[in-house]
Amino acid sequence: MVGAQRQERWTASGVRLRQVASGAGRGNWLFVPGGPGLGSESLLGLVEAAQVPGAAWLVDLPGDGSNRGVPALPAEPYAHWPGALAEAAQALDEVIMVGHSTGGMFMLSVPELEGLLTGMVLLSSAPHAGWRPGFARYAETHPLPEVTTAAERCARQPDDHHLRALTLAAAPWNFRPSALADGRALLADLPYCHDAMAWADAHFDDGYRARWQPETLPTLILGGAQDHVVDQRIWQDQPGFHGPHILHRRIPDAAHFPWVENPSAVRTAFADLAARLDLPD
């Protein structure tokens, strides 16, 4: 069951893992947030919706979210991005890594993970940066004046407070109208980290392309059918992400955070993957 934190640990490079749920069965499910800068607290609702067997852990790279200002962190935390995810996979047995949005892209940028994981989930994610022009076109044809104002303020004063305001202003792009109130509630209290977002913007986002494909690894690729941020149709013609070991699931009536809008369909998709994993009792 999802509940109070049971364990907290850091890897050598400062990746933080926090166990937030446990249940019957085997496996350690590591939930890697998107953003960057939102923090893994953004995935607590996903953990609750997915109801995975075994244990569920929230993962924060060094310097992301609330994983700041602790002795376990290196002097230059972003120098370890995203490769330090391999340390997270090595910290536990029978690891299934779950990446939301940029979190999934980080995973696909670390080829070492292929030999370390028991399974993988790519949620609202993409195999390359080709999703960005599509989102730019959508934003242009669906303008939000609040975003323009918030972006200007964030550019003048780039800090956690203004990143929070910008993210909340952009909420209508991330959630369907019927789920907008719940979406804003999810985003309101996260531990925003502008430095993490700025690192990704400068060093990762534009040039991103997957550095490995799951040749035999059981993998679930899922996303909202109405995701206008990372259009999930990007996977259709992508070599290396199709085959009998890869499940593709489009979540109806859902956008970029599909567990908010259709948690039952998300739970079914995770159960379909869990049934394929070699995790004996």
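Procedures and definitions
Residues numbered from 1 in each chain as written. Predicted model: local features only at pLDDT ≥ 70, side-chain atom pairs only at ≥ 80, totals over all residues. Heavy atoms only, no water. Helix = DSSP H or I, 4+ residues; strand = E, 2+ residues; numbered from the N terminus. Contact = heavy atoms within 4.5 Å. Lys, Arg positive; Asp, Glu negative; His and termini not counted. Charge placed at Lys NZ, Arg CZ, Asp CG, Glu CD. Axes fitted to C-alpha atoms, helices over the stretch in contact; angles between N-to-C directions. Parallel < 35°, antiparallel > 145°, perpendicular 65-115°, else oblique. Left-handed = near helix turned anticlockwise from the far one by under 90°. Nonpolar A, V, L, I, M, F, W, Y, C, P; charged D, E, K, R; others polar. Expected span 1.5 Å × (residues − 1). Buried < 20%, exposed > 50% of the residue type's maximum accessible area, 1.4 Å probe, protein only. Arc of directions from axis to C-beta. Polar contact = N/O pair within 3.5 Å; in protein donor to acceptor, adjacent residues only side chain to side chain. Salt bridge = Lys/Arg side-chain N within 4 Å of Asp/Glu carboxyl O. Pairing = 2+ DSSP bridges.

Colleague: So what exactly am I meant to see when it comes to the overall build of the protein chain here?
Modeller: Counting secondary structure elements, the protein chain contains 11 helices and eight strands. In terms of overall dimensions, the protein chain has a C-alpha envelope of 55 × 45 × 35 Å along the principal axes. Sequence-distant contacts in the protein chain: of pairs separated by 6 or more residues, those separated by 24 or more amount to 74%. If you average the places of the 20 positive and of the 31 negative side-chain charges in the protein chain, the two averages end up 3 Å apart.

Colleague: Help me out: how do you make sense of the packing of helix 6 (residues 160–169) against helix 8 (residues 180–188) in this one?
Modeller: Contact pair helix 6 / helix 8: the axes reach a minimum separation of 10 Å and the direction vectors enclose 165°. Relative to helix 8, the element helix 6 is oriented roughly antiparallel. For the element pair helix 6 and helix 8, the recorded crossing hand is right-handed. Together, R164, T167 and L168 of helix 6 and R184, L187 and A188 of helix 8 make up the contact between the two elements. The class makeup of the residues in the contact of helix 6 with helix 8 is three nonpolar, one polar and two charged.

Colleague: Sorry, what's going on with helix 5 (residues 145–156) here?
Modeller: Residues lying three or four places apart along an α-helix face the same way, a consequence of the helix completing one turn every 3.6 residues. Taking 1.5 Å of rise per residue, the 12 residues of helix 5 would be expected to cover 16 Å, and the 17 Å separating its terminal C-alpha atoms lies within 8% of that figure. For helix 5, the set of buried residues is V147, A150 and C154. Projected onto a plane normal to the axis of helix 5, the buried residues spread over an arc of 70° and lie on a single side. The exposed residues of helix 5 that point more than 90 degrees off its buried face are P145, A155 and R156. Contacts from the buried residues of helix 5 go to helix 6, helix 7 (171–174) and helix 9 (194–203).

Colleague: How should I be thinking about the environment of R18 in this particular structure?
Modeller: Topologically, R18 is positioned in strand 2 (residues 16–22). Separated by 38 residues in sequence, R18 and A56 place their C-alpha atoms 8.3 Å apart. A distance of 3.1 Å separates polar atoms of two side chains, one belonging to R18 and the other to E41.

Colleague: Got a minute to help me understand the pattern of salt bridges in this structure?
Modeller: Any two side chains of opposite charge can pair, so long as their charged atoms come close to each other. Summed over all chains, the structure comprises nine salt bridges. The partner of E94 in a salt bridge is R26, and the shortest N-O contact between them spans 2.4 Å. Of this pair, E94 sits in the loop between helix 2 (85–90) and strand 5 (95–100) while R26 sits in the loop between strand 2 and strand 3 (28–32), placing them 68 residues apart in sequence. Here E94 falls in the partly exposed class, since its relative accessible area comes to 24%. A salt bridge links D205 to R132, with the shortest nitrogen-to-oxygen separation between them at 3.9 Å. Here the residue D205 occupies a position in the loop between helix 9 and strand 7 (219–224), and R132 occupies one in helix 4 (residues 131–141), the gap between them amounting to 73 residues. According to the relative accessible area criterion, D205 is buried, its value standing at 15%. Owing to a relative accessible area of 25%, R132 belongs among the partly exposed residues under this scheme. Look at the salt bridges and you will find they share partners, linking R16, R18, E41 and D60 into a network.

Colleague: Sorry if this is basic, but what is going on with the pairing of strand 7 here?
Modeller: Walk down a regular strand and you will see the side chains alternate between the two sheet faces. The buried fraction of strand 7 amounts to six of the six residues, a majority that puts the element mostly inside the structure. For strand 6 (residues 119–123) and strand 7, the ladder comprises four bridges, and the chain directions are parallel. Across the sheet, V121 pairs through a bridge with L220, a residue of strand 7. Pairing of strand 7 with strand 8 (residues 246–251), which is carried by six bridges, proceeds in the parallel orientation. Note that in strand 8 the partner of G224 across the bridge is I251.

These figures capture arrangement, not role.
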